Amino acid sequence: MILIYGKGKTGTAVKNFLDKKGIKNLIIDDEDRLPDINPQLIIVSPGIPFYHRIYKFAKKNKIPIISDVEYGYRFFKGDVIGITGTDGKTTTTTLVYEIFKNVSGKSVFVGGNYGVPFIETAGKNDVAILELSSFQLYSTKTFKPKIAVILNISKDHLDWHKKMKHYILSKFKIFKNQTEEDYLILNYDDNCLKQIKAKSQIYYFSLNQLPQDKKGIYLKNIEKSGEYILTLQDKEKIDIKVKTSLVGLHNLQNIMASLVVSYLYGLDLNKVLKVIQEFKPLLHRIEFVSDINGVSFYNDSKATTVQAVEKAIDSFEKNVVLILGGINKGGDFSVLKDKLKQKVKKAIIIGRDKHQIKSMIEEYTQVELADSLEEAVIKSYNTAEKGDTVILSPGCASFDMFKSYADRGNQFINIVKNLENQNG
């Protein structure tokens, strides 16, 4: 008998799979008692931390405990492309999926942490493009993607992992089982990642020129037109011109990672570049909402880390009014001090941890507190002048005031549209 812990989307998908296979199973969650009979295996849903009772139960009774990704992998016969990192996972995963769907000529699945649980494609597709969280990777044993991507590493989810070291080690499990036949794509601009040693073949992406002995892709130049000139460096050097509607250098890093994946898989890069040019920004990720009397509003509700806020600020030249706050996941907002001094006119902070965040940044920019998102938007508009940018980039989880980051973003959009109607 297999025990499934967690009755959400992932647990339900695992149960449906086991039922179809005729494998005896039991699904429980925190409201249920642990079984009297020990199962042969426990499949745990993402988000259940290593110090939870189910891990203690598994250890005490010497029962193997794995993630749904690990279990799905044992049934999947195609190529896996695994993408992880603190920020940018969903954008990169979606872009790689669009590329493979349109260029590879193979049947392609996209899912994992984003969208559909991996178990739902077991045995059905040629290629699986997986967004992978640290939670999912933590309980993998044999999981081995053909191509693994780590976009970046910064402090996140310490409420779950407790220590930064544990968080990093979970991320690094994405390449733990790779061999010299596999590929690992890393961000050379991230000090945590450029030091990695692995059995797999390592390729890098960078906003700066790569050393001659490193394989990968880097930014050579930005044209006046806004087009990027990239150099692909392997046995020879190839210059590539990229047109994109994605805003910010962090999105260029996501594009570069996607290009290296495509290159290593042998896809036609001319066709890949066309997909990139047509790819639209995802919802809640530096998403343009409206211009009200010369003040631009952007929704970046998906930004739940300090690093993501930094990238949002970097996407604009100056005169930013920043809406922050929510449930801080262990981030130190004071690291934004240079960006705040240079570009942010005022930060307006909402949510449970607004006073804590205020104490971290009030030395570096003007700060004002608000009791609601609507109040924050109105204060932002009253602060901004023509040519300024208001951006919701909270750097925090949303669950103190909203159902999800998407709910937070949608409410922001509605508030801005109402403001537009009143002031248009």
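For the structure, check the block above.
Residues numbered from 1 in each chain as written. Predicted model: local features only at pLDDT ≥ 70, side-chain atom pairs only at ≥ 80, totals over all residues. Heavy atoms only, no water.

**Q** Tell me what's going on with the side chain of Ser-139, and back it up with residues and numbers.
**A** Mapping Ser-139 onto the fold places it in the loop between α5 (134–138) and β8 (147–150). A distance of 2.6 Å separates polar atoms of two side chains, one belonging to Ser-139 and the other to Tyr-55. (Helix = DSSP H or I, 4+ residues; strand = E, 2+ residues; numbered from the N terminus. Polar contact = N/O pair within 3.5 Å; in protein donor to acceptor, adjacent residues only side chain to side chain.)

**Q** So what's going on with the sheet that holds strand β15 (residues 295–299)? Which residues, and what values?
**A** Reading across the sheet, the six strands line up as β14-β15-β19-β16-β17-β18 and stay open at both edges, with mixed pairing between neighbours. Of all strands in the sheet, those with a lone pairing partner are β14 (287–292) and β18 (366–369), marking the two edges. Here the strands of the sheet are splayed against their neighbours by 20 degrees on average, with no regard to which way each runs. Where β15 and strand β19 (residues 389–392) come together, four bridges link them in parallel fashion. Opposite Phe-297, over in β19, you have Val-390 as the bridge partner. (Pairing = 2+ DSSP bridges. Axes fitted to C-alpha atoms, helices over the stretch in contact; angles between N-to-C directions.)

**Q** Could you give an account of the nonpolar core, with specific residues and numbers?
**A** Ranked by internal contacts, the top residues of the largest apolar core, which has 44 residues, are Phe-100, Ile-129 and Leu-259. Sort the elements by how many residues they give to this core and helix α9 (residues 249–264) lands first, with eight residues. For Phe-100, the contacting residues outside a window of four places in its chain are Ile-81, Gly-105, Val-108, Val-127, Ile-129, Val-261, Tyr-265 and Leu-267. One finds Ala-148, Tyr-204, Leu-210 and Tyr-218 within the second-largest nonpolar core, a separate group that totals 28 residues. (Core = buried A, V, L, I, M, F, W, Y, C linked by side-chain atoms within 4.5 Å. Buried < 20%, exposed > 50% of the residue type's maximum accessible area, 1.4 Å probe, protein only. Contact = heavy atoms within 4.5 Å.)

**Q** Summarise the packing of helix α4 (residues 89–103) against helix α10 (residues 269–278); cite the residues concerned and give the values.
**A** Two elements in contact, α4 and α10, have axes separated by 9 Å at closest approach and are oriented at 130 degrees. Overall, the two elements α4 and α10 adopt an arrangement that is oblique. The element α4 and its partner α10 pack so that their crossing is right-handed. Counting all contacts with α4, which are made through Leu-95, Glu-98, Ile-99, Asn-102 and Val-103, the residues of α10 involved are Lys-271, Val-272, Val-275 and Ile-276. A breakdown of the residues in the contact of α4 with α10 according to their chemical character gives six nonpolar, one polar and two charged. (Parallel < 35°, antiparallel > 145°, perpendicular 65-115°, else oblique. Left-handed = near helix turned anticlockwise from the far one by under 90°. Nonpolar A, V, L, I, M, F, W, Y, C, P; charged D, E, K, R; others polar.)

**Q** How would you sum up the pairing of β15? Please name residues and give values.
**A** On a regular strand, one side chain projects to one face of the sheet and the next to the other, so that they alternate. When you tally the buried positions in β15, you get five out of five residues, the bulk of the element. Both faces of β15 are covered, namely the face carrying Val-295, Phe-297 and Asn-299 and the face carrying Ser-296 and Tyr-298. Summarising the sheet, β14 and β15 pair through five bridges and their orientation is antiparallel. In the sheet register, Glu-287 faces β15, and the bridge partner there is Asn-299. Taking the residues between adjacent antiparallel strands as the criterion, β14 and β15 are bridged by two residues, where Asn-293 takes a positive phi near 55 degrees.

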